[in-house]
Structures are given as structure tokens and as C-alpha cells.
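# Commentary on secondary and tertiary structure
What follows is the residue order along each chain.
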Amino acid sequence: MVGEIVIGVVARADGRFLVQPRAGDAAMEGLWELPGGKVAPGEDHAAALAREIAEETGLTVRVGEPVLKWCHAYDDRRVELHAYVCEPADGERAPRGTRWVSPAEYGAMPMPEANAALLAAIDSDSSKSYQ
């Protein structure tokens, strides 16, 4: 089964981005991820990502340029991931339970296997502000 997932690199001007604890998946309990989720049938990526981030964090974001597209195979499923730069439209408050982290800080946190490719893309261009 292939699932299409959108991920938001919700970033501040200082290069720190938003991460949250993984919820709703016992196999990934204790991991930290960037906000996002499944694309509904007929939904475009920007709409899906804005909806998922609002549902998960309460933040309104402006979805910008793509960062990376990649596929990852877990034991039970294969996912196609699409990451986009997002700018917080409500300011830079960190919603309850979330954190603003640098690429190095995120690299030291437990994360889903698929996020390693995205972290490498973010970290490889540390001069980029993602805004």
C-alpha cells in the first residue's frame, strides 16, 4: 500500500523548525516528527498540508516551495513523502507539546526512519532560512 504524505518544514527566521511528538501510531510512540499527514483523494498538497498542520498544532501556515520528495518503505507500508517550506501565519509561538529545534537538535531526537532523508536535506543547506 502506498500512502501520499505531506510534511511541513514550519520554520522561523533563525532556521529553527517545528517538531511534535508522533501521535496515533503505537509503533512510532516516543518519536518526534514534523507536522503533516495524509493527502485526501482529490486534495492538493498545499490544502492538505495547511489542513493537517491546523488540525495537529492549531497553527495557520502559508505553504511555500517544495523541499524534498522521496519514498520510504516501512515493514507494513510504503509512503511517498512531499515536504514543503511553511511560514507560520500566526506568529512564532510553539503550540503546546511542540518544540522549535535546530537541525542538529532534531538529529539527536528519536524520529521516524523516513525523516532522516528530510533532515539531511535541511541540514545540508544550513544557510537557508526556509522562509
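The sections below set out a description of the structure shown in this document. (Residues numbered from 1 in each chain as written. Predicted model: local features only at pLDDT ≥ 70, side-chain atom pairs only at ≥ 80, totals over all residues. Heavy atoms only, no water.)

### Brief notes about the pairing of strand β2 (residues 17-21)
Consecutive side chains of a regular strand alternate in pointing toward one face of the sheet and then the other. This is how it is decided: Accessible area is worked out with a 1.4 Å probe on protein chains only. A residue is then buried under 20% of its type maximum, exposed over 50%, and partly exposed in between. Elements are defined by DSSP. Helices are runs of H or I of four residues or more, strands are runs of E of two residues or more, and each kind is numbered from the N terminus. In this description, strands pair whenever DSSP reports at least two bridges between them.
Most of β2 is tucked away, with four of its five residues classed as buried. As defined by bridge partners, β2 adjoins strand β7 (residues 99-101) across three bridges and the pair is classed as antiparallel. Within β7, the residue paired with V19 across the bridge is R99. Here β2 runs beside strand β3 (residues 32-33); their pairing, made up of two bridges, is antiparallel.

### Some points on the pattern of salt bridges
Just so we agree on the cut-off: Criterion for a salt bridge: a side-chain nitrogen of Lys or Arg within 4 Å of a carboxyl oxygen of Asp or Glu.
Taken as a whole and assessed by the stated rule, the structure comprises eight salt bridges. Here D14 makes a salt bridge to R12, at a shortest N to O gap of 2.7 Å. Residue classification places D14 among the partly exposed residues on the basis of a relative accessible area of 49%. For R12, a relative accessible area of 17% gives the class buried. Where R62 meets E87, a salt bridge forms, and the shortest distance between an N and an O atom there is 3.1 Å. On the criterion of sequence distance, the pair formed by R62 in strand β5 (residues 61-73) and E87 in strand β6 (residues 78-88) is long-range, its members being 25 residues apart.

### Focus on the nonpolar core
Applied cut-off: We define a nonpolar core as any set of buried Ala, Val, Leu, Ile, Met, Phe, Trp, Tyr and Cys residues linked to one another through side-chain atoms lying within 4.5 Å. Contacts are assigned to residue pairs with any non-hydrogen atoms lying within 4.5 Å of each other.
Judged by nonpolar contacts, the single largest core of 21 residues is most densely connected at I7, F17, V19, L34, Y106 and L118. Breaking this core down by element, the ones donating at least two residues are β1 (2-10), β2, β6 and α3 (115-124). Those residues in contact with L34, other than ones at most four positions away along the chain, are I7, G8, V9, F17, L18, V19, Q20, Y106, N115 and L118. Grouped together as the second largest cluster of nonpolar side chains are 12 residues, V39, L49, Y84 and W100 included.

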